[in-house]
Amino acid sequence: MMAIVRDVTERNRAKAILQRTYERLNYHLNNTPLAVIEEDKDYKITYWNKQAEHIFGWKAKEALGKRIIDFMVYEEDVSEIHRLVENLGKGITHNQPNENRYYTKDGRVLFCQWYNSLLRDEKGDVETILSIVRDITDIRTKEEKLQQYLELLKELSFVTSHELRSEYAKVQSV
């Protein structure tokens, strides 16, 4: 009888470390206040975290395998997103967020900032795109209201200034 014995202690230790690292990363990705979305080289969603579900309304199982441009992008922003996606596919990033409008499952329109990161294969081709997404709808809404108030203030100051000049002219003529 012959027996071969292998010590698999190191392999098991490495496997446990890898599993723990995966669990930690997954925990962080699902507990960030930002949406985390990954797409493959065909732009199909391969990862959709819990915050993406919360922000956009679609569950991961509804989003996985779909292309963002096919169901979420606001109509007026489609051509801009096509250009962005084309550049990302070529490996071109500008290290600045892009801002566009997106639909939620219930039809609302959100303003979102997308930060994109490319993972390349050994040949240098884009393998996946990881996007960190921030809903900035409240910020944009407040900016629009502030702009409206500034316009109103500008009109009010013009009218007030005009009336004061008229009254001053009347006093001068007396």
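Just so we're clear, the structure is a prediction, and the values are computed from it rather than from any experiment. All residue numbers refer to position in the chain's written sequence, counted from 1. Totals for whole chains, interfaces and linings use all residues, but because this is a predicted model, local features are given only for residues with pLDDT of at least 70 and pairs of side-chain atoms are given and counted only at 80 or more. Water and hydrogen atoms play no part in the side-chain values, which are based on all heavy atoms of the structure.

### Quick look at a nonpolar patch on the surface
On the surface, a cluster of nonpolar side chains totalling about 390 Å² of accessible area is made up of L146, L150, L153 and L156. Among the structural elements, L153 can be located in helix 6 (residues 137-173). Note on L153: relative accessible area 52%, which makes it exposed. Two joining distances apply to patches: 9 Å for like charges and 5 Å for nonpolar side chains (Val, Leu, Ile, Met, Phe, Trp, Tyr), and every residue must have over 30% relative accessible area and no salt bridge. Only the protein chains shown count as cover for residues, with accessible areas throughout obtained via the Shrake-Rupley method and a probe of 1.4 Å. Take a side-chain nitrogen of Lys or Arg and a carboxyl oxygen of Asp or Glu: if they are within 4 Å of each other, that pair is a salt bridge. Numbering of helices and strands runs from the N terminus, with a helix taken as a DSSP run of H or I at least four residues long and a strand as a DSSP run of E at least two residues long. Buried means the residue's accessible area, taken with a 1.4 Å probe over protein chains only, is under 20% of the maximum for its type, while exposed means over 50%, and partly exposed covers the values in between.

### Thoughts on the packing of aromatic side chains
Ring geometry is summarised as follows: Phe, Tyr and Trp rings, the Trp one being its six-membered ring, pair when their centres sit within 6.5 Å, and such pairs are stacked at plane angles under 30 degrees, edge-to-face over 60 and tilted between the two. Scanning all chains against the criterion turns up four aromatic pairs. Relative to F56, the ring of W48 has its centre 5.9 Å away and its plane inclined at 45 degrees; by these criteria the two rings are tilted. The exposure class assigned to W48 is buried, which follows from its relative accessible area of 4%. Aromatic side chains Y102 and W114 sit 5.1 Å apart centroid to centroid with 35 degrees between the ring planes, which places their arrangement in the tilted category. Highlighted residues: Y102 in strand 3 (residues 98-103) and W114 in strand 4 (residues 109-120), separated in sequence by twelve residues. The same class applies to Y102 as to W114, namely buried. A ring has a charge above it when a Lys NZ or an Arg CZ is no more than 6 Å from the ring centre and no more than 35 degrees off the ring normal. Over the ring of F71 we find K66, and its NZ or CZ is 5.2 Å from the ring centre.

### Observations regarding the environment of Y43
Inspection of the secondary structure assignment puts Y43 in the loop between strand 1 (35-40) and strand 2 (45-48). Distance in space between the C-alpha atoms of Y43 and E80 is 16 Å, their sequence separation being 37 residues. Residues are treated as being in contact if the distance between any of their heavy atoms lies within 4.5 Å. In contact with Y43, not counting residues within four places along its chain, are K66, R67, I68, V85, G89 and I129. Whenever two N or O atoms come within 3.5 Å, that pair is a polar contact, provided that in protein one can donate a hydrogen and the other can accept it, and provided that, for residues adjacent in sequence, both atoms are side-chain atoms. From its side chain, Y43 meets the backbone oxygen of V85 in a polar contact 3.2 Å long.

### Things to note about the nonpolar core
Here, nonpolar core refers to any group of buried Ala, Val, Leu, Ile, Met, Phe, Trp, Tyr and Cys residues whose side-chain atoms link them within 4.5 Å. Grouped together as the largest cluster of nonpolar side chains are 21 residues, with contacts concentrated most on I37, W48, F56, I68, M72, Y102 and W114. Mapped onto this core, the elements with two or more residues apiece are strand 1, strand 2, helix 2 (50-56), helix 3 (60-63), helix 4 (68-71) and strand 4. If near-sequence neighbours (up to four positions away) are discounted, F56 is found in contact with A35, I37, W48, M72, Y102, Y103, T104, K105, L110, C112, W114 and V133. L88, L118, V126 and I129 belong to the second largest nonpolar core, which has five residues in total.

### As for helix 5 (residues 78-89)
The span one expects for a helix is its residue count, reduced by one, times 1.5 Å. In this model, helix 5 (twelve residues) spans 16 Å end to end at C-alpha, consistent with the 16 Å of a helix rising 1.5 Å per residue. Downstream of helix 5 by one or two residues, G91 has phi in the positive range, about 85 degrees.

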